[in-house]
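A closer look at the structure
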Protein chains: 2
Amino acid sequence: MNANTHRSLREAIRARIVAGEWQLGELIPGEADFAREYGCARTTVNRALQALAEEGIVERKRRGGTRVRPLPLPQASLRIPLLREQVEESGCGYRCELVVRTVAPLPPAIANGHGWGSECRAAYIETLHRADERPFAFEMRWINLATVPEFETAELGELSVNEWLVRRVPFTRGEVSLSATAADERLGAILATHEGAALFTMNRETWLDERPVTAMTLYYPPRYRFDFTI
Amino acid sequence: MNANTHRSLREAIRARIVAGEWQLGELIPGEADFAREYGCARTTVNRALQALAEEGIVERKRRGGTRVRPLPLPQASLRIPLLREQVEESGCGYRCELVVRTVAPLPPAIANGHGWGSECRAAYIETLHRADERPFAFEMRWINLATVPEFETAELGELSVNEWLVRRVPFTRGEVSLSATAADERLGAILATHEGAALFTMNRETWLDERPVTAMTLYYPPRYRFDFTI
DNA sequence: CGTGTGATTATGTATGCACATATTAGAGGA
DNA sequence: TCCTCTAATATGTGCATACATAATCACACG
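Computed from a predicted structure; not experimentally measured.

Attention now goes to the sheet that holds strand β2 (residues 58-61) of chain A. Residues and elements named next belong to chain A. Spatially, three strands are ordered β1-β3-β2 in an open sheet, and the strand pairing comes out antiparallel. The open sheet terminates on both sides in strands that have one partner only, identified here as β1 (27-28) and β2. Two strands pair when backbone bridges link them, and β1 and strand β3 (residues 65-68) are joined in this way by two bridges, in the antiparallel orientation. From the neighbouring strand, L27 faces β3, where its bridge partner is R67.

Take a look at the structure:
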């Protein structure tokens, strides 16, 4: 039963912490103690405790020992899925379709945002992402041509705009905003639902250092749910 | 300069990947190769590469080797705020109002979920959270009385149900699901908006080991946005 | 009595080794 | 040709050991 892997050891110790064996902020046994208790090497205990420290369950200090973190941080590590993976994980075929590609003025909501400026030349792209040919998400995106000039002449081929960007331009910071939007007539038609439908909406803006790279809005049809664990 | 720690090695390899030494999706040298090149043990290379894998920079498969991840996944660390903090941070006064408190049968969507069972006795609570007296969010919650029997007779006082729970019952696992919901007549009235309005919706369910603790749904009025950075 | 200094101690990390495990290429057979 | 089984191989993991590093404590010294 006790395989003495660093994983099982980590879970064992986590369980004891959750069960309240030690007070919040209290010192827990040292690596050597656990190693003796579980009959394994100190190296293994070290790996287990380091993992718990990275998770924020415990705090460790040299010479100071390991203690239970006073305030368990309600933190979730959330992976923002790539649309292609999201679709393919659910066993559907992915395809994306470029609806519009042009150079258009920025909408004020973005132009007034951090770093863009109203004179900024930007490419505007609309993409419909499909899962087994049914609409999965609709994307509106602006790309700052001052930061990514090569986009103006880029051939995307099979890639979505996001995939193209991500391969070519790293970013250093991003802001995400989730909300709900009522579909207007056009969105309703595109997503094969009706005007007024409640659309889960993800807004994302990214920067390379201080220069804006791209801003996008993604609309999902009503059935969509964005799941993660804490 | 070359301290040959797993950290410095990790950064060195990261730099080479970012510099484009290998194509996206391409196989990079094996652990043994790096170990020879940098003059360190394979164990050390292993740690470095495992860290990069956790970060999502590379993908590793046994026998398959290590390759640059085709699309680097953006990861976000997201803190789920307590409603009180959320309201008070925006400079408003927080108040919550118990609308309903009873023992009610579970809706099928929850009863069929993991671990609840249809016979389960559960408390049902509805709470309206207010910011400066205006509706901020509406909460519907079920609490498993098998796991938290003391809730049945608990006096909440000024605390919200969530605050009471968080102080008394730890949880080991939680699942969150975000979506958009169209308001029905009642929700529209409670949140001071209209029927059909698009409501940002957060669903959360938590377990203590394998026993369900609580399930709740939170509806936010249309203007609400859930922001975070990556 | 305050202070600096060295001993003590818990964690951090590198190493060499052995073996486990997943995956794939290729050999062998129907 | 196609399938199956086996061997080869890259990563995954555990262990014993040695030494590094940071924080703390005790003790001697001014």
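That covers the picture; the talk isn't over yet.
By size, the foremost hydrophobic cluster in this structure holds 53 residues, and its most contacted members are A180(A), L199(A), A180(B) and L199(B). Residues in contact with A180(B), not counting those within four places in the same chain, are A180(A), A198(A), L199(A), F200(A), P222(A), A198(B), L199(B), F200(B) and T201(B). If you look at the next biggest cluster of nonpolar residues, it comprises eleven residues, including I17(A), L52(A), V58(A) and V68(A).

So, about unusual backbone geometry. All names here are of chain B. In this structure, R63 takes a positive phi of about 65° despite not being glycine. Structurally, R63 is set in the loop between β2 (58-61) and β3 (65-68). The exposed category is assigned to R63, around which 4 C-beta atoms lie within 10 Å. A positive phi angle, near 75°, is found at E133, a position not held by glycine. Relative to the helices and strands, E133 resides in the loop between β6 (122-131) and β7 (134-144). By C-beta crowding, E133 is classed as exposed, having 10 other C-beta atoms within 10 Å.

In the neighbourhood of DNA strand D, 25 residues make up the surrounding shell, with T5(A), H6(A), C40(A), A41(A) and G30(B) lying closest. Going through the elements one at a time, α3 (42-55) of chain A together with α2 (31-38), α3 (42-55) and β3 of chain B are the ones with two or more residues in the surface near DNA strand D. Residues belonging to the surface near DNA strand D are distributed by class as follows: four nonpolar, twelve polar and nine charged.

Once that is clear, we can look at the packing of helix α2 (residues 31-38) of chain A against α3(A). How two helices pack is summed up by the angle between their axes together with the distance between the axes. Residues and elements named next belong to chain A. Two numbers describe how α2 lies on α3: the axes approach to 8 Å, and their chain directions differ by 115°. Classified by the angle their axes make, α2 and α3 are roughly perpendicular. Judged by the twist between their axes, the crossing of α2 over α3 is right-handed. Only R42, V45, N46 and L49 of α3 make contact with α2, whose side of the interface consists of E31, A32, F34 and A35.

Here we take up the protein's contact with DNA strand C. Neighbouring residues of DNA strand C: 24 residues in total, closest G30(A), T5(B), H6(B), C40(B) and R63(B). Those elements giving two or more residues to the surface near DNA strand C turn out to be α2, α3 and β3 of chain A together with α1 (6-18) and α3 of chain B. When grouped by side-chain class, the residues that make up the surface near DNA strand C number three nonpolar, twelve polar and nine charged.

Before going further, it helps to spend a moment on the packing of helix α1 (residues 6-18) of chain A against α3(A). Residues and elements named next belong to chain A. Where α1 meets α3, the axes come as close as 8 Å, and the angle between the chain directions of the two elements is 55°. Considering their axes alone, α1 and α3 lie oblique with respect to each other. As for the relative orientation of α1 and α3, their crossing is right-handed in sense. In this structure, α1 contributes H6, L9, R10, I13 and R14 to the contact, and α3 contributes T44, V45, R47, A48, A51 and L52.

Here we come to the sheet that holds strand β11 (residues 226-229) of chain B. Here we have seven strands laid out as an open sheet, ordered β5(A)-β6(A)-β7(A)-β10(A)-β9(A)-β8(A)-β11(B), and antiparallel in their pairing. Edge positions in the sheet fall to β5 (94-103) of chain A together with β11 of chain B, since each has one partner strand and no second. Between one strand axis and the next, the sheet turns by 15° as a mean value, whatever way the strands run. Note: β5(A) against strand β6 (residues 122-131) of chain A, nine bridges, orientation antiparallel. Following the sheet pairing, L98(A) is matched in β6(A) by T127(A).

Cut-offs and rules
Residues numbered from 1 in each chain as written. Chains lettered and ligands numbered in written order. Predicted model: local features only at pLDDT ≥ 70, side-chain atom pairs only at ≥ 80, totals over all residues. Pairing = 2+ DSSP bridges. Helix = DSSP H or I, 4+ residues; strand = E, 2+ residues; numbered from the N terminus. Core = buried A, V, L, I, M, F, W, Y, C linked by C-beta atoms within 7 Å. Buried ≥ 20, exposed ≤ 12 C-beta atoms within 10 Å, placed from the backbone. Contact = placed C-beta atoms within 7 Å. Near = placed C-beta within 6 Å. Nonpolar A, V, L, I, M, F, W, Y, C, P; charged D, E, K, R; others polar. Axes fitted to C-alpha atoms, helices over the stretch in contact; angles between N-to-C directions. Parallel < 35°, antiparallel > 145°, perpendicular 65-115°, else oblique. Left-handed = near helix turned anticlockwise from the far one by under 90°.

Just geometry here; none of it tells us what the structure is for.
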